[in-house]
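Below are the chains, spelled out letter by letter.
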Amino acid sequence: MQKVILTGDRPTGRLHLGHFVGSLRRRVELQNSGCFDKIFIMIADAQALTDNADNPEKVRQNVIEVALDYLSVGLDPAKSTIFVQTHVPELTELAFYYMNLVTVSRVQRNPTVKTEIKMRNFEQSIPVGFFCYPVSQASDITAFKATTVPVGEDQAPMIELTREIVNRFNNIYGDTLVEPEIMLPDNAVCMRLPGTDGKAKMSKSLGNCIYLSDTPKEVAKKVKSMYTDPEHLTVDSPGHLEGNCPFIYLDAFCTDEHFAKYLPEYKNLQELKDHYTRGGLGDGTVKKLLINVLEEILAPIRERRKQWEQDIPGVYEILKSGSAKAREEAADTLDKVRAAMKINYFDDEALIKEQAKRYKSGK
Ligand code: TRP
C-alpha cells in the first residue's frame, strides 16, 4: 500500500512558532525523507469559513499568507501538493455522505469541538456547518487515501472520528476507504509551545505569538517581554524553570552547537538550567541566547518569504495546479465511494440492462 500524507491548516492568520514546532518543521522533514509516495498539504478555507461565515475577507486574505508561510519553511510544490480545500468540491460531497454515519452525540463528545464552542460563544447557537467540521475533516483525510496524518494533539479526536467513519463505511458498503493513522509531534515540548505570556497556547486572539514572518526587531521585543519566573527578582535569587517561557522555547529549539556558538560558557541547556535554578543567572542572558537561536531558525524562513512575496501570481499558480492535482485524487476516491454506495447509476450498465429487461418482461 502507498504511504500518503494529508494535513493542513485553517487560513485564519499567519503561521507562528507554535505551528512550526507542532507541525511545519516535521512536515518538511517528512517531505524530504523520501518515505512517502504522496504528500498533500491543504489550506482549509472551507473549514475556516465554518466559524468565519461573516468574515470571508479574512479567509480570502489569509490563503496567500498561509501559502507563503508554507513555501518559506521549505515545503516544496515539486514534492508536496499544496492545495485549497474549496477547490476540491469532491470533499464537500464526501462529507455529506459521511454525515449519515455519525451521530450528533458523537460529535458533541469531541473535546476539541467542545473547547472551540466555548471559545467562540457558540453555546446558545452552533452553526450546523461548524458542528459538522469534524465530519468534513474525515472526508479531507480519506479522499486522499491518507495513511498518515501529522497533526498536533488537539486534532487527535478528529483522526479518531475519521477512523470510526472509515470502519463504519467499510462495514456497510464494503472495503473502500483507507484507515489513517495520526502522527503526533515526537517530543513533549513540541506538542504545545506556550504563548510568550506563558499561557497554554500561542493564539492570535491572545496576542502572544511569534510569527514566522516577524522581523528580527519584533522577535527580539517579544522575547524580551516573555513571561519567566515572577519570583526570580534578582540575578542572585534561585530561579524556577516551571512555566518559564524562554527555557521552554530553548527546550524546543536549541542544540549543543548553539551553546558553542552563542554561549560557550555552558556546554548545553542542562548546565544553563542548573545555573539558573542555583541562582546567579539573569533572565537577560537566557533571553539573549534564545533570540540568537530563534534568529538562526527564522532568518532563512524570512529570506525565502521575501523572495516568494515578489511573485504572488506565481504562488497562486502553485495553489491552482496543486488544487487540480488534488482534485484528481479525490475524484478517484469519489468514484469508488459512489460505486460502493450504489449511487453510480449511470456508470452501471448491468443495472440499466437488468432493469430494462425486468420491465420488458413485465415482472
Ligand atoms: N483542523 C485543522 C486545523 O484547525 C485543519 C484541517 C482541516 C486538517 N482538515 C484537516 C488537518 C485534515 C489535518 C487533516 O488546523
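Reading guide: rules and limits
Residues numbered from 1 in each chain as written. Predicted model: local features only at pLDDT ≥ 70, side-chain atom pairs only at ≥ 80, totals over all residues. Heavy atoms only, no water. Domains from an automatic or database assignment. Contact = heavy atoms within 4.5 Å. Buried area = accessible area lost by both parts, 1.4 Å probe. Salt bridge = Lys/Arg side-chain N within 4 Å of Asp/Glu carboxyl O. Polar contact = N/O pair within 3.5 Å; in protein donor to acceptor, adjacent residues only side chain to side chain. Helix = DSSP H or I, 4+ residues; strand = E, 2+ residues; numbered from the N terminus. Phe/Tyr/Trp six-rings, centres within 6.5 Å; stacked < 30°, edge-to-face > 60°. Buried < 20%, exposed > 50% of the residue type's maximum accessible area, 1.4 Å probe, protein only. Expected span 1.5 Å × (residues − 1). Core = buried A, V, L, I, M, F, W, Y, C linked by side-chain atoms within 4.5 Å. Axes fitted to C-alpha atoms, helices over the stretch in contact; angles between N-to-C directions. Parallel < 35°, antiparallel > 145°, perpendicular 65-115°, else oblique. Left-handed = near helix turned anticlockwise from the far one by under 90°. Nonpolar A, V, L, I, M, F, W, Y, C, P; charged D, E, K, R; others polar. Bend = angle between axes of the 7 residues up to and from the residue. Near = heavy atom within 4 Å. Areas by Shrake-Rupley, 256 points an atom, 1.4 Å probe, with all protein chains shown as cover.

Chemist: It is not clear to me how the domain arrangement of the protein chain should be interpreted in this structure. Could you clarify?
Modeler: It is common to report an interface's size as the accessible area lost on association of the parts. With domains assigned, the protein chain is organised as domain 1 (4-192 + 312-353) and domain 2 (216-308). The centre of domain 1, based on its C-alpha atoms, is set 35 Å off from the matching centre of domain 2. In this assembly, 16 residues from domain 1 lie in contact with 12 residues from domain 2. Buried surface at the junction of domain 1 and domain 2, summed over both partners, amounts to about 1300 Å²; 69% is from carbon and sulfur atoms. Applying the counting rule to domain 1 against domain 2 returns two salt bridges. For Arg305, the salt bridge goes to Asp69, with nearest N and O atoms at 3.1 Å. The interface formed by domain 1 and domain 2 contains four residue pairs in polar contact (both at pLDDT 80 or more). Put simply, the parts of the chain that give the side of domain 1 that touches domain 2 at least two residues each are helix H1 (17-33), helix H3 (56-73) and helix H16 (312-340).

Chemist: What am I meant to see in the packing of aromatic side chains here?
Modeler: For any pair of aromatic rings, geometry is given as the distance between the ring centres together with the angle between the planes. Applying the stated criterion to the full structure yields nine aromatic pairs. A ring pair is formed by Tyr98 and Phe169, whose centres lie 6.2 Å apart and whose planes are at 75°; its orientation type is edge-to-face. Placement of the pair is Tyr98 in helix H4 (residues 90-98) and Phe169 in helix H9 (residues 156-173), with a sequence separation of 71 residues. In terms of burial, Tyr98 and Phe169 fall into one category: buried. Through successive ring pairs, a cluster of aromatic residues spans Phe40, Phe83 and Phe144.

Chemist: How should H16 be read in this particular structure?
Modeler: Residue pairs three or four apart in sequence face the same way in an α-helix, which turns once every 3.6 residues. With 29 residues, H16 should cover 42 Å at 1.5 Å per step; its first-to-last C-alpha distance of 42 Å lies within 8% of that length. Lys342 sits one or two residues past H16 and shows a positive phi near 65°.

Chemist: I tried to follow the nonpolar core on my own but got confused; where do I start?
Modeler: Across soluble globular proteins, you tend to see nonpolar side chains buried next to one another. Of all hydrophobic cores here, the largest spans 59 residues; its most connected members are Leu17, Ile210, Tyr249, Phe253 and Leu272. Among the elements that line this core, the one with the most residues is helix H15 (residues 283-309), at nine residues. In this structure, this core is formed jointly by two domains, domain 1 (4-192 + 312-353) and domain 2 (216-308), each of which donates at least three residues. Discounting chain neighbours no more than four positions away, the residues touching Tyr249 are Leu17, Leu193, Pro194, Gly195, Thr196, Met202, Ile210, Met226 and Leu290.

Chemist: In this structure, what is going on with the packing of helix H11 (residues 216-224) against H15? I would like to understand it.
Modeler: A pair of packed helices can be characterised by two numbers: the angle between their axes and the separation between those axes. The interhelical angle for the contact between H11 and H15, taken along N-to-C directions, is 150°, at an axis separation of 10 Å. Relative to H15, H11 is oriented roughly antiparallel. Crossing of H11 over H15 shows right-handed handedness. Across the interface between the two elements, Pro216, Val219, Ala220, Val223 and Lys224 of H11 pack against Lys287, Leu290, Ile291, Leu294, Glu295, Leu298 and Arg302 of H15. Grouping the amino acids of the contact of H11 with H15 by side-chain chemistry returns eight nonpolar, no polar and four charged.

Chemist: Can you help me understand H3 in this one?
Modeler: Compared with the 26 Å implied by 1.5 Å per residue over 18 residues, the 26 Å span of H3 between its first and last C-alpha is a close match. The largest bend in H3 comes to about 30°, at Asn62. Judged by how many residues are buried, H3 sits mostly within the fold: 13 of 18 residues are covered.

Chemist: Help me out: how do you make sense of the site of the ligand in this one?
Modeler: With respect to spatial proximity, 14 residues lie near the ligand, and among them Arg10, Gln47, Gln137, Asp140 and Gln155 are the closest. Arg10 places a polar side-chain atom, nitrogen or oxygen, 3.2 Å from an oxygen atom of the ligand. Calculation on the ligand without its partners gives an accessible area of 370 Å², and the protein chains cover 91% of this total. Of all elements in the fold, only strand E1 (4-9) and helix H8 (133-143) reach the threshold of two or more residues within the shell around the ligand.

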